[in-house]
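Residue-level structure breakdown
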Amino acid sequence: MVRFMASSADDIKSVCVVGAGQMGIGIGLVAARVAGLRVQFVDSSAAQLDKGMAFLEKLLAKDIAKGKCTEEVRSEVRARITTGASISQIAGADFVIEAVSENVDLKRRIFAELSEVLPEETILATNTSSISITKIASAARRPENVVGMHFMNPVPVMKLVEIIPGLQTSPKTLDTTLALARRMGKTTTRSQDVPGFIANRLLMPYINEALIALQEGIATREDIDTTMKLGTNNPMGPLTLADFIGLDTCLAIMKVLHTELGDSKYRPAVLLQKYVDAGWLGVKSGRGIYEYES
């Protein structure tokens with residue numbers, strides 16, 4: 001395996017995305033299509049890999065239908081993409097972006113394993129939306145190479161990436177990550193390593209409060225969403241947005257905020273926990289706060 005340090009984003013030729021869910025697929029597609037990078041998706045679930053690749057094809061087909069992409073570009077993008085069933089199959093990526101579920105123990109195990117199989121200079125980024133970068137980095141052999149790279153959903157559409165250095169993150173790692181995000185066509189903001197960072201420190205309590213309003217019978221789900229859409233000029237109501245994010249993800253983030261900050265104002269709504277317990281996770285499960293066609 002070739003061992004070299006990507007001195008800048010221009011030196012990065014290949015990216016591995018660990019996790020082939022909606023976020024991971026979006027990240028990999030942007031890396032392959034916008035930045036022109038070789039991309040390898042790795043997921044331990046063969047079913048999820050198949051589902052992810054089908055989703056990627058759907059995104060490309062939609063762009064072709066809208067005139068945003070040609071068949072030639074689609075073929076070029078697909079030629080840059082490969083898949084793997086385990087971290088041990090990663091083919092010497094210059095940069096890794098982890099995009100698995102919001103579980104600190106799972107992420108730490110992945111970063112420990114990545115440290116065992118990848119060149120010591122490889123930058124390891126996590127797409128966590130709330131968990132401490134410092135805590136995740138401590139599981140890696142070289143925590144100075146670990147950084148937070150929080151993409152917004154849906155990744156191909158949303159322009160923002162939050163960049164979060166941990167306590168151990170080196171200036172070189174930070175600079176390269178900022179440059180890579182810009183190469184992927186994204187605008188970056190930088191946050192301190194605090195629970196929820198910028199976006200979810202502000203967004204999740206807003207969504208949680210909307211669920212509390214629904215729980216207390218203050219208004220119907222439709223009236224809550226319509227009030228916030230038309231009354232505050234938001235493109236999407238908080239309850240609809242929660243379904244698109246995934247109620248399990250919203251709950252996980254609220255639990256991080258509540259546990260790490262110790263303030264009762266971040267306590268998850270009882271109704272949010274009930275929906276997740278019922279398996280009503282939002283759009284991805286066909287039912288959440290609203291019902292969706294499968």
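Residues numbered from 1 in each chain as written. Predicted model: local features only at pLDDT ≥ 70, side-chain atom pairs only at ≥ 80, totals over all residues. Heavy atoms only, no water.

Attention now goes to helix α9 (residues 238-245). P238, L239, A242 and D243 are the residues of α9 that are buried. What you see down the axis of α9 is that its buried residues fit within an arc of 145°, all on one side. (Buried < 20%, exposed > 50% of the residue type's maximum accessible area, 1.4 Å probe, protein only. Helix = DSSP H or I, 4+ residues; strand = E, 2+ residues; numbered from the N terminus. Arc of directions from axis to C-beta.)

Turning next to the pairing of strand β2 (residues 38-42). Of all five residues that make up β2, four are buried, and the element is covered over most of its length. The sheet contact formed by strand β1 (residues 14-18) and β2 spans five bridges and is parallel. Opposite V18, over in β2, you have V42 as the bridge partner. Note on the crossover from β1 through helix α1 (residues 22-33) to β2: the handedness is right-handed. As paired strands, β2 and strand β3 (residues 81-84) are joined by four bridges and run parallel to one another. In the sheet register, V42 faces β3, and the bridge partner there is G84. (Pairing = 2+ DSSP bridges. Right-handed = clockwise from strand over helix to strand, strands pointing away.)

Attention now moves to the UniProt feature "site: Important for catalytic activity" (unreviewed entry) in the protein chain. In the UniProt entry, the feature "site: Important for catalytic activity" (unreviewed entry) is given for H150. Positionally, H150 belongs in strand β6 (residues 146-151). A relative accessible area of 6% places H150 in the buried class. Other than its neighbours up to four places away in sequence, H150 contacts T126, N127, T128, S129, L160, V161, E162, I164, F197 and N200. (UniProt positions renumbered as here; feature names shortened; annotations may be inferred. Contact = heavy atoms within 4.5 Å.)

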